[in-house]
Each structure stands twice: as structure tokens, then as C-alpha cells.
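# Fold and geometry: a report
What follows is the residue order along each chain.
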Amino acid sequence: MSKNANIFGALLATTIVCGMAAPAFAQSGDVNIYSYREQSLLQPLLDKFTAETGIAANVLYAGDGLLDRVAAEGELSPADVVLTVDIGNLVSAEEMGITQPIATPMLEERVPAAFRDDDANWTALSLRSRVFYVSKDRVDATALTYDDLTAPEWKGRICTRTGTHAYNIGLIAHYIALNGEEKARTWLAGLRDNLAFPPTGNDRVQVKSILEGSCDLAIVNTYYMGAMLNNDAEPEQKDWANAARIIYPDAEGEGTQVNVAGGFIAKHAPHAENANALIAFLLSDEAQSIYADTNYEFPVVPGAPINDLVASWGELKASQVKLTDVAANRALAAQLVDELKFDEGAQN
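Counting from 1, residues in each chain are numbered in the order their sequence is written. In view of the model being predicted, local features appear only for residues whose pLDDT reaches at least 70, and side-chain atom pairs are presented and counted only at 80 or more, with totals across whole chains, interfaces and linings using the full set of residues. Values shown for side chains rest on all heavy atoms present in the structure; no hydrogens or waters enter the calculation.

This brings us to the nonpolar core. Membership of the largest hydrophobic core comes to 77 residues, with the highest contact counts inside it found for Phe115 and Tyr133. The element contributing the most residues to this core is strand β11 (residues 258-266), with six residues. Remark: nonpolar core denotes a set of buried residues (Ala, Val, Leu, Ile, Met, Phe, Trp, Tyr, Cys) joined through side-chain atoms within 4.5 Å. For the exposure calls, accessible area comes from a 1.4 Å probe over protein chains only, and a residue counts as buried if that area is under 20% of its type's maximum, exposed if over 50%, partly exposed in between. Val139, Ala189, Leu336 and Phe342 belong to the second-largest nonpolar core, a separate cluster that totals 32 residues. For the purposes of this entry, the term helix denotes a DSSP run of H or I that reaches at least four residues, the term strand denotes a run of E that reaches at least two, and both are numbered from the N terminus.

Next up, the structure:
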């Protein structure tokens, strides 16, 4: 029996590891996954993976703390693959030393260089974009840039959630990576002064504000449009979504900012071969379609099928600014949000 199998048995004997219940993972022939992504989004993919490969997929789902858990477990960790969202988490995992290089050739063959680590320590698996939702009734524009957010015509007409949220930090960090700190400071101040009210609420609330007439342009992630239009549990959200249409910023220039859902293979993965098989599967056209379809996202693999509803919003020209460059500017983005008192709203 291998060292990992022995220590895995010890893990199963422990009720709580790092404050969370220990998952009932098997010892061999499986792939063990720690996932930030919800079960409803992931399970269809894993069922297909198991049917095609015979490899059983065991999953621990958690909203946060998984990176710290893998680090704390060290060589004892049963985790093979960690699936997460936001480039900050992927880069943090590499910096924490809890990754190993992905070995499948599918990585370089199918994922554009901007959306994977140069040393193969992580990869994007799908793309989500921070775009403009504009009022169907009050906005005639069909093309806008991020710089347009500072134009006088948008004074008092823009809304967004807090600048400190990871979604907006990613957008600001992207702007810094593309334009430099000083231009970003001027841009962010101009955006702040065009806000209709101080940032509050989540992304869906911003779209609701468009319906209510409180703002005309909301900065929101793409997939919320699909989530709201198909929300039978809270049908009022369909009205919110139907009040707006999506514009992809800088579609005719550099391209629209994107963030990612992605994954990595854990440094001490007990089933590294199966982990690579899972990553390869997730990069197949079939899996890319399912992966993106379940949350109204975009495939990271060029040419992979796109959800019909997502396609109806227009074509995404994704910015090719490297995600590592974006991640490197996240701390500065947060500093600018604080320095400019962005969350207090317009200053003049």
C-alpha cells in the first residue's frame, strides 16, 4: 500500500479536518476534488467523466477555505484537483506552493496562453466577463468602452456593487494592467463621480435599479443575465433582466475584461494521473460546452460550443491581457478603491 493510501486512511478516521467534515473519499481508482463550484453546476460534468473513463469522482464542496485546507493538510491531503473561481485564487494557490504542473498536452493545445499559467500550475476552465447592462428604454448606445464610464453624459447614471468586491477588483486590476497606475487612478475617480449612488447590494440588485430607473448603466457579470431570465423561484428577477441589454465594453478595441473559473492539481495529489485525465476531459469540446452552459459562462477553448442564450447577447472578444498580469495588480486595485473613497460615491 502506498504512503498516500496509508495517510488517506488516517484522514478518514478524523471527523474534522481544518474545521470541516472529512470527505468520504475512496483510496484508489478515483479522483478526489475540492470544489468552490456548486454541485448543481459540476455534477453533470462529473457524471459524464465517470461514464467515459470509469474513474469515480468524489467531491468536497465548500464556499471558502479550500486553499487553506489543502495547505494545512500538506502531504496528508486527499485532494487531487481543486476547482475554484477568480484569478486571485488560482495565483494564490501557486504562491502557497500547493500546486503541481498539469501534465496533459490538452493544456497547451487548447487553452490560450493568456488564460493559463506559464508553468502549467493552473488553468482557466471557463470565462466570465464584467460588462455593461444598459436600460433598453433610456440608452441608445450599442458600443461603449470602459473609458466611456467617465464621460459627462453618464453623470449620475451608473451603478455597481462595492469596489472592494473581487469582481470589481478584477476589473480595476485589468484596467491597471492595460493602462498603468496613473491613468487607472484618473479613470476610477471619474467612474466614482458618475455613480448614481454609493455602491451597495449585489450584481442582481444593480440590474433591478435599472428597472426602477435609479441608474441607466450597471456594471455586472454576464452570467447573471441568464440566471435572472431563468429564475422561476423569484420570477420578479425576469423583469429586472428584461429591462436591460448587454454591451461588451471595448468590443471594437482591446477586448472585454474577463475573469475565470479554473482549477489546479494539488501538489500532493494521490491520484495525479487521474487528476490529469479530469483536466483533459474538462478541456474537451463536450465538457467545455457543459461547463460553460450550466452557469451561462463562456468556454475557455476557442471554438467550443456556446449556450444559445449567451450567444444571443453578442460575441465576446475577450481581452488577451494575461491573467497573471491582472492578478499582480489586484493589491494596487484595492489600494486605489480605498484611496479614492470609491464606495462613498460621487465626490462632486
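Moving on from the coordinates now.
This paragraph deals with unusual backbone geometry. In this structure, Ala120 is a non-glycine residue whose phi angle is positive, near 65°. In this fold, Ala120 is placed in the loop between α5 (106-110) and β7 (123-135). In this structure, Tyr296 takes a positive phi of about 55° despite not being glycine. Checked against the element boundaries, Tyr296 lands in the loop between α12 (285-293) and β12 (298-299). Classification of Tyr296 by relative accessible area gives buried; the value is 17%.

Criterion for a disulfide: a pair of cysteine sulfur atoms within 2.5 Å. All chains considered together, the criterion is met by one disulfide. One disulfide in the model links Cys159 with Cys215; its S-S distance is 2.1 Å. Placement of the pair is Cys159 in strand β8 (residues 158-159) and Cys215 in the loop between α8 (203-212) and β9 (217-221), with a sequence separation of 56 residues. This pair shows no difference in class: Cys159 is buried, exactly as Cys215 is.

Here the focus is helix α6 (residues 166-179). With 14 residues, α6 ought to run about 20 Å at 1.5 Å a step, and its terminal C-alpha atoms sit 20 Å apart, in line with that. Of all 14 residues making up α6, ten are buried, and the element is well covered by its neighbours. Taken together, the buried positions of α6 are occupied by Tyr167, Asn168, Ile169, Gly170, Leu171, Ile172, Ala173, His174, Tyr175 and Ile176. One or two steps after α6, the chain reaches Gly180, where phi turns positive at roughly 95°. Expected span of a helix: the number of residues minus one, times 1.5 Å.

Stacked, edge-to-face and tilted labels apply to pairs of Phe, Tyr and Trp rings (six-membered ring for Trp) whose centres lie within 6.5 Å, assigned for plane angles under 30 degrees, over 60, and everything in between, in that order. Under the criterion given, the structure shown has five aromatic pairs. Centroid distance Tyr175 to Trp187: 4.1 Å. Interplanar angle 5°. Geometry classified as stacked. Here Tyr175, found in helix α6, pairs with Trp187, found in helix α7 (residues 181-193); they are twelve residues apart in sequence, far enough to count as distant. Note on Tyr175: relative accessible area 5%, which makes it buried. Accessibility expressed as a relative area gives 3% for Trp187, which makes it buried. Taken together, a centroid distance of 6.3 Å and an interplanar angle of 70° make the contact between Tyr248 and Phe298 edge-to-face. With Tyr248 in the loop between β10 (244-247) and β11 and Phe298 in strand β12, the pair connects residues that are 50 residues apart, well separated along the chain.

A few words on the packing of α6 against helix α15 (residues 330-339). Between N-to-C directions, angles cover 0 to 180 degrees, with each direction set by a line fitted to C-alpha atoms, over the stretch in contact for helices. It is at 8 Å that the axes of α6 and α15 come closest, and there the two elements cross at 105°. Relative to α15, the element α6 is oriented roughly perpendicular. Across the interface between the two elements, Ala166, Ile169, Gly170, Ile172, Ala173 and Ile176 of α6 pack against Arg330, Leu332, Ala333, Ala334, Leu336 and Val337 of α15. Taken together, the residues of the contact of α6 with α15 sort by class into ten nonpolar, one polar and one charged. When an angle is under 35 degrees it counts as roughly parallel; over 145 it counts as roughly antiparallel; between 65 and 115 it counts as roughly perpendicular; any other value is oblique. By definition in these notes, contact holds between two residues if any of their heavy atoms fall within 4.5 Å. Three classes are used: nonpolar for Ala, Val, Leu, Ile, Met, Phe, Trp, Tyr, Cys and Pro, charged for Asp, Glu, Lys and Arg, and polar for all others, with Gly counted as polar.

Attention now moves to the side chain of Arg185. Note that Arg185 resides in helix α7. For the purposes of these results, a polar contact is taken to be a pair of N or O atoms within 3.5 Å, where, inside protein, one atom must be able to donate a hydrogen and its partner to accept one; residues adjacent in sequence count only when each atom of the pair is a side-chain atom. A distance of 2.8 Å separates polar atoms of two side chains, one belonging to Arg185 and the other to Glu182. Residues in contact with Arg185, not counting those within four places in the same chain, are Leu336, Glu339 and Leu340.

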